Amino acid sequence: QTHLFATDRSLTLIVRDLTMKTAILASFLASAAAFAPATQSERLTTSLNYEKSPALPFLPYPENLKGYAGDEAGFDPLRFSDFVPMDFLREAELK
C-alpha cells in the first residue's frame with residue numbers, strides 16, 4: 001500500500017522534534033526574562049527603610065540598645081539584645 005501521508009514513525013519523529021524545539025524556545029525566553037531590567041515601580045518597592053548601625057552599616061541598628069551606654073556605636077552583630085534583656089547582658093559583661 002502506498003500512503004499519501006507520513007507514516008506513524010515519521011509523524012512521531014516530527015511531533016517529537018517540534019516538542020523539543022518548543023521546549024528549547026521556552027527555556028530561551030524564560031532565561032531572557034530573568035535578566036530583563038526591573039521597572040522603576042519595582043525598584044521603589046524593594047527599598048529598605050531602616051536606621052543603619054554606625055558600627056556595621058550593612059546591618060540595621062539594634063533597637064534594644066537605645067538608652068544604654070554604647071548605643072551610639074550600635075554594635076550588636078549577633079543581635080543578643082533581641083533575645084536577652086539588656087540588664088542581664090550588661091551584668092554579664094561586667095563580671
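As the structure is a computational prediction, the values presented were derived from the model and not from experiment.

Re the overall build of the protein
In step 1: A tally of helices and strands in the protein yields three helices and zero strands.
In step 2: Helices and strands in the protein line up, N terminus first, as α-α-α.
In step 3: Within the protein, buried positions represent 9% of all 95 residues.
In step 4: Taking the intrachain contacts of the protein between residues at least 6 apart in sequence as the baseline, contacts between residues at least 24 apart amount to 0%.
In step 5: When the accessible surface of the protein is totalled, it reaches about 8400 Å², and 65% of it is carbon and sulfur.

Brief notes about empty space enclosed by the protein
In step 1: Counted by the stated rule, this structure contains one cavity of 30 Å³ or more.
In step 2: Estimated volume of the largest cavity: approximately 40 Å³.
In step 3: Lining of the largest cavity is provided by Ser53, Leu56, Leu59, Pro60, Pro62, Gly74, Asp76, Pro77 and Arg79.
In step 4: Its residues assigned to classes, the lining of the largest cavity comprises five nonpolar, two polar and two charged.

Remarks on the pattern of salt bridges
Opposite charge on two side chains permits pairing when their charged atoms draw close.
In step 1: Inspection of every chain in the model, using the stated rule, returns four salt bridges.
In step 2: Lys21 is the partner of Asp17 in a salt bridge, and the nearest nitrogen-oxygen pair spans 3.4 Å. Taken as a pair, Asp17 and Lys21 lie in helix H1 (residues 8–34) at a separation of four residues, close to a single helical turn.
In step 3: What makes Asp17 partly exposed here is its relative accessible area of 33%.
In step 4: A salt bridge links Glu63 to Lys66; the nearest nitrogen and oxygen atoms lie 3.5 Å apart.
In step 5: Three or more residues joined by partner-sharing salt bridges are found here, namely Glu51, Glu63 and Lys66.

Structural notes on the environment of Glu63
In step 1: With respect to the helices and strands, the residue Glu63 is situated in the loop between helix H2 (40–45) and helix H3 (86–94).
In step 2: Relative accessible area serves as the criterion here: at 45%, Glu63 is assigned to the partly exposed category.
In step 3: The contacts of Glu63, once residues within four sequence positions are left out, are Glu51 and Arg79.

Here we look at the environment of Pro77
In step 1: By secondary structure assignment, the location of Pro77 is in the loop between H2 and H3.
In step 2: Sequence separation between Pro77 and Pro62 is 15 residues, and the spatial gap between their C-alpha atoms is 8.5 Å.
In step 3: With residues near it in sequence (within four places) discarded, Pro77 still touches Leu56 and Leu59.

Things to note about unusual backbone geometry
In step 1: You will see that Arg79, though not glycine, has its phi angle at about 55°, which is positive.
In step 2: Among the structural elements, Arg79 can be located in the loop between H2 and H3.
In step 3: Assessed through its relative accessible area of 23%, Arg79 is described here as partly exposed.

About the criteria used
- Residues numbered from 1 in each chain as written.
- Predicted model: local features only at pLDDT ≥ 70, side-chain atom pairs only at ≥ 80, totals over all residues.
- Heavy atoms only, no water.
- Helix = DSSP H or I, 4+ residues; strand = E, 2+ residues; numbered from the N terminus.
- Buried < 20%, exposed > 50% of the residue type's maximum accessible area, 1.4 Å probe, protein only.
- Contact = heavy atoms within 4.5 Å.
- Areas by Shrake-Rupley, 256 points an atom, 1.4 Å probe, with all protein chains shown as cover.
- 1 Å grid on protein atoms, 1.4 Å probe; cavity = no way out; pocket = protein on both sides within 12 Å on 5 of 7 lines; lining within 4 Å.
- Points joined across faces, edges and corners; volume = space filled by probe spheres on them.
- Nonpolar A, V, L, I, M, F, W, Y, C, P; charged D, E, K, R; others polar.
- Salt bridge = Lys/Arg side-chain N within 4 Å of Asp/Glu carboxyl O.

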